[in-house]
Amino acid sequence: MTRFLRQTAVMVYALVGFSLLSASTLVGTAHAGTPFPDIHEPTDKSVKCIQPEDVMRREHMNYILHERDETMREGIRGEPESLANCINCHVEPDENGEIAGIETDQHFCSACHEYTAVQIDCFQCHADRPQKYIKRNSHTSSLRQQLQQTLAASNAADKGVKQ
Amino acid sequence: MKKTENKTINNSRRDFLSKAAVAGTITIAPGVLLHSTSAHAIDGDATDLNTSVSTRPLDQEVSSKNRWGMLIDTTKCATGCTDCVDACNEENGLIGHNRPETDAQYIRKVTLKSKSTGHELSLPLMCQHCETAPCADVCPTGASFVRADGIALVDKHICIGCRYCMMACPYKARSFVHEDVKNQKLSAPRGKGTVEACTMCVTRVDNGGIPACVEACTAENHNAMIFGDLKDPNSPISIELKKHGGKQLRSDLALNTGVRYQGMNE
Ligand code: SF4
Ligand code: SF4
């Protein structure tokens, strides 16, 4: 009996939590005792998201997955449903000009993904910020030197490639 | 399940397109490339050599109407010059870790020496974008594939990092990413645990541009590389190939490579 009560209580909590989550705008509002992720709202309010918020919350992964395969395999680009588009609006520098990377819980994507404990793999390969905030590759010049040095060595190894 | 259905539809669409291309070349061929190239472009102004670019609207899928390729004149390729390699590293955000054995490398300079005459030549070597690509043959996941327009790619979303393709590639064109990667370029996603190689700068190409290596080689006035559509008889690359011919590296393997070389005299 107590077990049943405990389970019911857990369910009620979960339900309350869930309805709060979907009812609120999810913007760090301080509900007593309920932590919420701090999600960055794009500053440019004139740009509308491609879908209403509730649709994006539920479907964003499906949109991105669909576009992913079309782009990768068929070269179809420039569709609105793209990871790069999400990032372009939602990732912006703070007052100090700093961008919170995907490894922090301040990044637009990781804020929710950490909150819901859903692992996000996109950014192991993809840029976590708009192109204009990507630092130039400081290592490239050292790579150049290294290349020059090892050119001779690799040439020797490449002799196997015949004409 | 949904994904499989999608695939089927797209495949049949592609089949239809390629059949339509055979049956009705007249309706499909015009409009692909409207640049008319004069003989002057071949002999004179170097920038005109790279006028054959994609004019496909980006909401349409790539098709076998085009085949993108490169032609490299080894007689113009300077020994010790790494302009193409530098441009590639910058374009794709490739970072060295001071481990030349394993550092990612999409394009490298190779010196070939003829055993009979001792004649040496210097050339850039990258993925040759084979039509019948051994990498795609051996890939257990379908991650290695050749796009309808001839560009060989790795779909890193599904690559499991087994590196079979690296073994299968006769040109040692592929690299494996051993380290976590940060600060990737927007147009060049890359990450630990996947295999990668020259993409012929696919994002540039799709947007009507030319690969970064070709651009750099031309900008530095070496003019050793031409990019263009091998299926368009009027493209500078096809005209030049028709005029002077070009070799495929290891042509004995019959891979029908998209990258061709000139000046490979023994
Ligand atoms: S050169 Fe190597 S990586 Fe490129 S398509 Fe051929 S087998 Fe694949
Ligand atoms: S490393 Fe990736 S692309 Fe290469 S064969 Fe394995 S799964 Fe395919």
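Concerning the confidence of the model for chain A
Residue and element names in this part refer to chain A.
And step 1. Residues with a pLDDT of 70 or more make up 63% of chain A, whose mean pLDDT is 74.
And step 2. Ignoring residues within four places in sequence, the model shows residues 8-26, a span with pLDDT below 50, making 17 contacts including any to other chains.
And step 3. Predicted confidence is poor over residues 137-143, with pLDDT under 50, and the contacts of this stretch with residues over four places away or in other chains come to 14 contacts.

So, the nonpolar core
Residues and elements named next belong to chain B.
And step 1. Core analysis: the largest hydrophobic core is formed by 54 residues, its most contacted members being M70, I107, L123, M126, M225, F227 and Y261.
And step 2. The element contributing the most residues to this core is strand β3 (residues 120-126), with 4 residues.
And step 3. Not counting residues up to four positions away in its chain, the partners in contact with I107 are C84, V85, C88, P124, L125, M126, C213 and M225.

What about the pattern of salt bridges?
If the charged atoms of two oppositely charged side chains come close together, the side chains can form a pair.
All names here are of chain A.
And step 1. By the definition in use, this model includes 16 salt bridges over all chains.
And step 2. Here K45 and E41 are joined by a salt bridge, their closest N and O atoms 3.6 Å apart.
And step 3. For E41, a relative accessible area of 35% puts it in the partly exposed group.
And step 4. Ionic pairing is found between R57 and E53, a salt bridge with its closest N-O pair at 3.0 Å. One end of the pair is R57 and the other is E53, both in helix α2 (residues 53-74) and 4 residues apart, which spans about a single turn.
And step 5. For E53, a relative accessible area of 44% translates into the label partly exposed.

Some points on the side chain of S114 of chain B
And step 1. Take S114 of chain B: it is sitting in the loop between β2 (107-113) and β3.
And step 2. Within the structure, S114 of chain B has its side chain in polar contact with the backbone nitrogen of T117 of chain B (distance 3.2 Å).

Description of the environment of P57 of chain B
Residues and elements named next belong to chain B.
And step 1. Looking at where P57 falls in the secondary structure, it is placed in the loop between α3 (39-43) and β1 (68-73).
And step 2. By relative accessible area, which is 39% here, P57 ends up partly exposed.
And step 3. Between the C-alpha atom of P57 and that of N207, which follows or precedes it by 150 residues, the distance is 8.8 Å.

Concerning the pairing of β3 of chain B
Residue and element names in this part refer to chain B.
And step 1. For β3, the buried fraction is high: 6 of the 7 residues fall into the buried class.
And step 2. One ladder, built from 7 bridges, connects β2 with β3; its direction is antiparallel. Residue R108 lies in a different strand from β3, and its bridge partner there is L125.
And step 3. Linking two consecutive strands that pair antiparallel, namely β2 and β3, is a turn of 6 residues; a positive phi of about 80° is found at G118 within it.

Quick look at helix α3 (residues 83-90) of chain A
Residues and elements named next belong to chain A.
And step 1. Among all positions in α3, only L83, I87 and H90 are buried. Each buried residue of α3 lies within a common arc of 85° when the element is viewed along its axis, so the set occupies one face.
And step 2. For α3, the secondary structure elements touched by its buried residues are α2 and α4 (108-115).

As for the site of ligand 2
And step 1. Residues in contact with ligand 2 amount to 14 residues; listed here are only the nearest, C139, C159, C162, R163 and C165 of chain B.
And step 2. Residue composition of the shell around ligand 2, grouped by class: 10 nonpolar, 3 polar and 1 charged.

The rules behind each value
Residues numbered from 1 in each chain as written. Chains lettered and ligands numbered in written order. Predicted model: local features only at pLDDT ≥ 70, side-chain atom pairs only at ≥ 80, totals over all residues. Heavy atoms only, no water. pLDDT = per-residue confidence, 0-100. Contact = heavy atoms within 4.5 Å. Core = buried A, V, L, I, M, F, W, Y, C linked by side-chain atoms within 4.5 Å. Buried < 20%, exposed > 50% of the residue type's maximum accessible area, 1.4 Å probe, protein only. Helix = DSSP H or I, 4+ residues; strand = E, 2+ residues; numbered from the N terminus. Salt bridge = Lys/Arg side-chain N within 4 Å of Asp/Glu carboxyl O. Polar contact = N/O pair within 3.5 Å; in protein donor to acceptor, adjacent residues only side chain to side chain. Pairing = 2+ DSSP bridges. Arc of directions from axis to C-beta. Near = heavy atom within 4 Å. Nonpolar A, V, L, I, M, F, W, Y, C, P; charged D, E, K, R; others polar.

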